[in-house]
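# Survey of secondary and tertiary structure
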Amino acid sequence: LPRSLLPELPDLATLDVAARYRPGSADQQIGGDWYDVFALDGDRIGFAVGDVLGHDIEAAALMSRIQAALRAYAFVGHPPAAVLDHLDRLLISLDTERLVTVFFGILGPDDGTGRRELTFANAGHPAPMVHDRTTGVCDLDAVTSLLLGVVGGEVSRTQSSVVLTPGATLVLYTDGLVEVPGESLTDHVERLKQTLTANAGRCSPEQLCDLLLEATTKRPRRDDVAVLAARLVSSDVPATPLPRRVRLIALRRELEVVRMDAFF
């Protein structure tokens, strides 16, 4: 059910995008983690990741409503901070006890040199990370605010921005990727940074998502996980080789064609 509610990733000429979703433990197959990427006018691109607290049908249904509403507010033209403010009021109006964390950013158009400005706001969600080929990994933690749905906690959220250079990789994720019962959250966030530092420059977004999820299979996991990776594509950035699994599928298809030709 959660996978059926998640969006199809768009085909964008200026971005290489991949995402993964993995449910929690066997008795928690339904969750409220989600991601989204969508094109906006003016050659802009919206990025979102969020988490509806809870593991049941209601969490999955509310996740779908929040995701659709976020797109609607963004298409109208609201900046990231205003989008989260509108989502907050919407959630409170639904009279639900659920709380929601959301990160939302809008990637602006190319400035002519391949650089693009990402403007973002955050409502209680783990800060995404950016890997730059020259400066390494940094957190997008310049702004944060209360979770959505806190009655009496309505505020006008603020936003910040960062410039992404060609070849930079943006990684958004939900807390299931770094939260392990009985273990230090800080330590796992640091391990995530180390993994990105060592691999983000040489792995494709597809490979990177698989690598990040692989670590979660070796430890206790109670929460679902969503991961999204997006790399700015530029003509001066060498193409990343296809993942081995994709190459094997392509080779298998070529062999099938050869067999068919031989048969006929």
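One can find the structure itself at the top, above this paragraph.
The structure presented is a predicted model; accordingly, all values stated were derived computationally and were not measured. (Residues numbered from 1 in each chain as written. Predicted model: local features only at pLDDT ≥ 70, side-chain atom pairs only at ≥ 80, totals over all residues. Heavy atoms only, no water.)

### Some details on the nonpolar core
One finds F47, L70, F104 and L228 to be the most contacted residues of the largest nonpolar core, which totals 50 residues. The leading source of residues in this core is helix α2 (residues 57-76), at seven residues. Contact partners of F47, with chain neighbours within four places excluded, come to L15, D36, V37, F103, F104, G105, L107, L118, L170, L172, L228 and A230. Grouped together as the second largest cluster of nonpolar side chains are 17 residues, V171, Y173, L213 and V225 included. (Core = buried A, V, L, I, M, F, W, Y, C linked by side-chain atoms within 4.5 Å. Buried < 20%, exposed > 50% of the residue type's maximum accessible area, 1.4 Å probe, protein only. Helix = DSSP H or I, 4+ residues; strand = E, 2+ residues; numbered from the N terminus. Contact = heavy atoms within 4.5 Å.)

### Brief notes about the pairing of strand β7 (residues 136-139)
Pairing of strand β6 (residues 129-132) with β7, which is carried by four bridges, proceeds in the antiparallel orientation. Bridging from a neighbouring strand, M129 pairs with D139 of β7. Connecting β6 to the antiparallel partner β7 that follows it, the hairpin turn spans three residues. (Pairing = 2+ DSSP bridges.)

### Overview of the sheet that holds strand β9 (residues 169-173)
Strand order in the open sheet made by the five strands is β1-β10-β9-β6-β7, with antiparallel pairing throughout. Each edge of the open sheet carries a strand with a single partner, namely β1 (15-22) and β7. Each neighbouring strand pair of the sheet contributes to a mean axis angle of 15°, computed without reference to strand direction. Sheet strands in contact with helix α5 (residues 205-216) are β1, β9 and β10 (225-232), and its direction is about 25° off that of β1. (Axes fitted to C-alpha atoms, helices over the stretch in contact; angles between N-to-C directions.)

### Looking at the environment of A74
Note that A74 resides in helix α2. Along the chain, A74 and F38 lie 36 residues apart, while their C-alpha atoms are 9.8 Å from each other. Contacts of A74, omitting those with residues within four sequence positions, involve F38, L40, V83 and F104.

### Comments concerning helix α4 (residues 185-199)
Taking 1.5 Å per residue as the helical rise, α4 with its 15 residues ought to reach 21 Å, and the 21 Å between its terminal C-alpha atoms agrees with that figure. Among the residues of α4, those classed as buried are H188, L192, L196 and N199. Projection of α4 onto a plane perpendicular to its axis shows the buried side chains occupying an angular sector of 90°, all on one side. Buried residues in α4 make contact with β6, β7, β9 and α5. (Expected span 1.5 Å × (residues − 1). Arc of directions from axis to C-beta.)

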